[in-house]
Amino acid sequence: DSGVTQTPKHLITATGQRVTLRCSPRSGDLSVYWYQQSLDQGLQFLIQYYNGEERAKGNILERFSAQQFPDLHSELNLSSLELGDSALYFCASSVDGSVASQYFGPGTRLLVL
Amino acid sequence: DAKTTQPPSMDCAEGRAANLPCNHSTISGNEYVYWYRQIHSQGPQYIIHGLKNNETNEMASLIITEDRKSSTLILPHATLRDTAVYYCIVRVVWGSQGNLIFGKGTKLSVKP
């Protein structure tokens, strides 16, 4: 158990819909990262927040958005969902926002039908 | 960031040492070598990282060559639970975006 929690574990929805994935970082960790893992693309970095501020952006689509709240939990919002958005979405956290030792949550498996 | 090259797959007998190589010939002086692993569909798990000295923790040892162009992750007594995809990642620790860049990794199969 990494100490990072993600909800829900599984999500099934239809194309065109919007969903919200939630992540609670490890106690004391200020930085949260979101990654997407699909069969054909592997693990791709989406976005990073540090203490409520966006710090880095990766291959995140405009239909996706995220935020980190004052209590440091984070939400990833996916809208106008397409079949290709079906993937595992992982959240990770680290103490200080550097690369050293990120701790990953168990992931949310999203299936878009 | 430096590019890494890893073999796509390796086998190892249970109880034997697993030695996973990684080539990072374009590594720069301020880049660290990180190893993560991902057991089927679980979140990636941090294993170890190092700059130039060899490192050891309760999970593994990391051997980095003197020229830092390659490294080896050693699992001293592999078990069936070590079957996973192992990722070698080279990244600057400070002063850059903090995200990890995952390649395809090495799929390690530990066999009884």
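Above this text sits the structure in question.
Cut-offs and rules
Residues numbered from 1 in each chain as written. Chains lettered and ligands numbered in written order. Predicted model: local features only at pLDDT ≥ 70, side-chain atom pairs only at ≥ 80, totals over all residues. Heavy atoms only, no water. Patch = residues over 30% accessible without salt bridge, like charges linked within 9 Å, V, L, I, M, F, W, Y side chains within 5 Å. Areas by Shrake-Rupley, 256 points an atom, 1.4 Å probe, with all protein chains shown as cover. Salt bridge = Lys/Arg side-chain N within 4 Å of Asp/Glu carboxyl O. Buried < 20%, exposed > 50% of the residue type's maximum accessible area, 1.4 Å probe, protein only. Pairing = 2+ DSSP bridges. Helix = DSSP H or I, 4+ residues; strand = E, 2+ residues; numbered from the N terminus. Contact = heavy atoms within 4.5 Å. Buried area = accessible area lost by both parts, 1.4 Å probe. Nonpolar A, V, L, I, M, F, W, Y, C, P; charged D, E, K, R; others polar. Axes fitted to C-alpha atoms, helices over the stretch in contact; angles between N-to-C directions. Phe/Tyr/Trp six-rings, centres within 6.5 Å; stacked < 30°, edge-to-face > 60°. Lys NZ or Arg CZ within 6 Å of the ring centre and 35° of its normal.

A.B. asks: I keep staring at a nonpolar patch on the surface and nothing clicks. Help me out?
C.D. replies: Judged by side-chain polarity, A:I12, A:L111 and A:L113 come together as a nonpolar surface patch covering roughly 310 Å² of accessible area. For A:L111, a relative accessible area of 39% translates into the label partly exposed.

A.B. asks: Got a minute to help me understand the sheet that holds strand β7 (residues 70-75) of chain B in this structure?
C.D. replies: By definition, the strands of a sheet pair up through backbone hydrogen bonds, in either a parallel or an antiparallel sense. Strand order in the open sheet made by the four strands is β2-β7-β6-β5 (chain B), with antiparallel pairing throughout. Strands at the two margins of the open sheet, each flanked by one partner only, are β2 (18-23) and β5 (55-56) of chain B.

A.B. asks: In this structure, what is going on with the interface of chain B and chain A? I would like to understand it.
C.D. replies: Interface size, as often reported, equals the accessible area lost upon joining of the parts. Counting residues at the interface gives 20 residues for chain B, matched by 21 residues for chain A. Summing the contributions of chain B and of chain A, the shared interface buries around 1,600 Å²; its carbon and sulfur component is 60%. On inspection of chain B and its partner chain A, the count reaches zero salt bridges. Taken together, the elements giving at least two residues each to the side of chain B that touches chain A come down to β3 (31-38), β4 (45-50) and β8 (84-92) of chain B. For the side of chain B that touches chain A, the class distribution of residues is ten nonpolar, nine polar and one charged.

A.B. asks: Sorry, what's going on with the sheet that holds strand β9 (residues 106-111) of chain B here?
C.D. replies: Residue and element names in this part refer to chain B. In spatial order, the strands read β1-β9-β8-β3-β4; together these five strands make up an open sheet with mixed pairing. For this open sheet the edge positions go to β1 (9-13) and β4, each flanked by a neighbour on one side alone. Between one strand axis and the next, the sheet turns through 25° on average, direction left out of account. Bridge count for β3 against β4 is five bridges, and the pairing is antiparallel. Bridge pairing in β4 places W35 opposite I48.

A.B. asks: How do you make sense of the packing of aromatic side chains when you look at a structure like this?
C.D. replies: The way to describe two aromatic rings as a pair is by their centre distance and the angle between their planes. Here the structure, examined in full by the defined rule, presents ten aromatic pairs over all chains. With a centroid separation of 6.4 Å and 40° between ring planes, the pair formed by B:Y32 and B:Y34 is classed as tilted. Here the aromatic residues A:Y35, A:F45, A:F104, B:Y36, B:Y46, B:Y87 and B:F102 are joined through ring pairs into a cluster of three or more. Lying over the aromatic face of A:Y103, A:R26 brings its terminal NZ or CZ to 3.8 Å of the ring centre. The positively charged end of A:R55 is found above the aromatic ring belonging to A:Y50, 5.2 Å away from the centroid.

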